[in-house]
Amino acid sequence: MRNGDFNGDLRYWTGGSGISYDSSHNPSGPASGSGVLKITRAVSVGGRVVSTQCVPLPGPAVYHLSAWARTAGTGVGADQALVGWSLVPDDATGTCVGSITRNGEKFVAQGNTWREMQPLAIEVSPAEWSGRSSLAVHLIAQDSGIATGGTPTVVGYFDGIRLSVAGAGGDSIFADGFEP
């Protein structure tokens, strides 16, 4: 992942209104100059807001996707944080625009306690990899779906987003050989 610790800004992440950088939280990343991606926006009951990064894949492999997240609220009325992915096997532009052949989501957290998502294995076979394959990683804040009157506002915080090749150390996809 590029900028998965949100070091100073939200470079490489898209999502439109309601997506912002928040330096008051930092469960992963360096002690200073790092923050989190915050999602907060009015939605319909059960609605969701998504921020996405498109990651070009270097080859067929088993990739591990992990993250930290929390939401607002407590109990059954708390929003939910999820992480999703979509495989675009022939991404000519490197923007994850194209036919999606597989996708998935994993629940990370509900409530105001930071939780770490254990790595989710995503296998990209040699038959699926085209040399132009990409993975869209989605950070999803979803309203609890419990109507309480008025327009609900969904809130989610995300940090420490990692995509690594299984068996390789660290976030090896963008490693350049100069890591300590």
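Residues numbered from 1 in each chain as written. Predicted model: local features only at pLDDT ≥ 70, side-chain atom pairs only at ≥ 80, totals over all residues. Heavy atoms only, no water.

**Q** Can you break down the state of the cysteines residue by residue, with the values?
**A** According to the stated counting rule, one finds one disulfide in the structure shown. Disulfide pairing places C54 opposite C96 at an S-S distance of 2.2 Å. A torsion of 90° about the S-S bond marks the disulfide between C54 and C96 as right-handed. Here C96 lies in the loop between strand 5 (80–88) and strand 6 (102–110) and C54 lies in strand 3 (residues 48–56), a separation of 42 residues in the sequence. Each of the two residues, C54 as well as C96, counts as buried. (Disulfide = S-S within 2.5 Å. Helix = DSSP H or I, 4+ residues; strand = E, 2+ residues; numbered from the N terminus. Buried < 20%, exposed > 50% of the residue type's maximum accessible area, 1.4 Å probe, protein only.)

**Q** How would you summarise the environment of D22 if you had to cite specific residues and measurements?
**A** Inspection of the secondary structure assignment puts D22 in strand 1 (residues 19–22). Owing to a relative accessible area of 12%, D22 belongs among the buried residues under this scheme. As for D22 and P126, which are separated by 104 residues in sequence, their C-alpha atoms are 39 Å apart. A distance of 2.5 Å separates the side chain of D22 from the side chain of S24, its partner in a polar contact. (Polar contact = N/O pair within 3.5 Å; in protein donor to acceptor, adjacent residues only side chain to side chain.)

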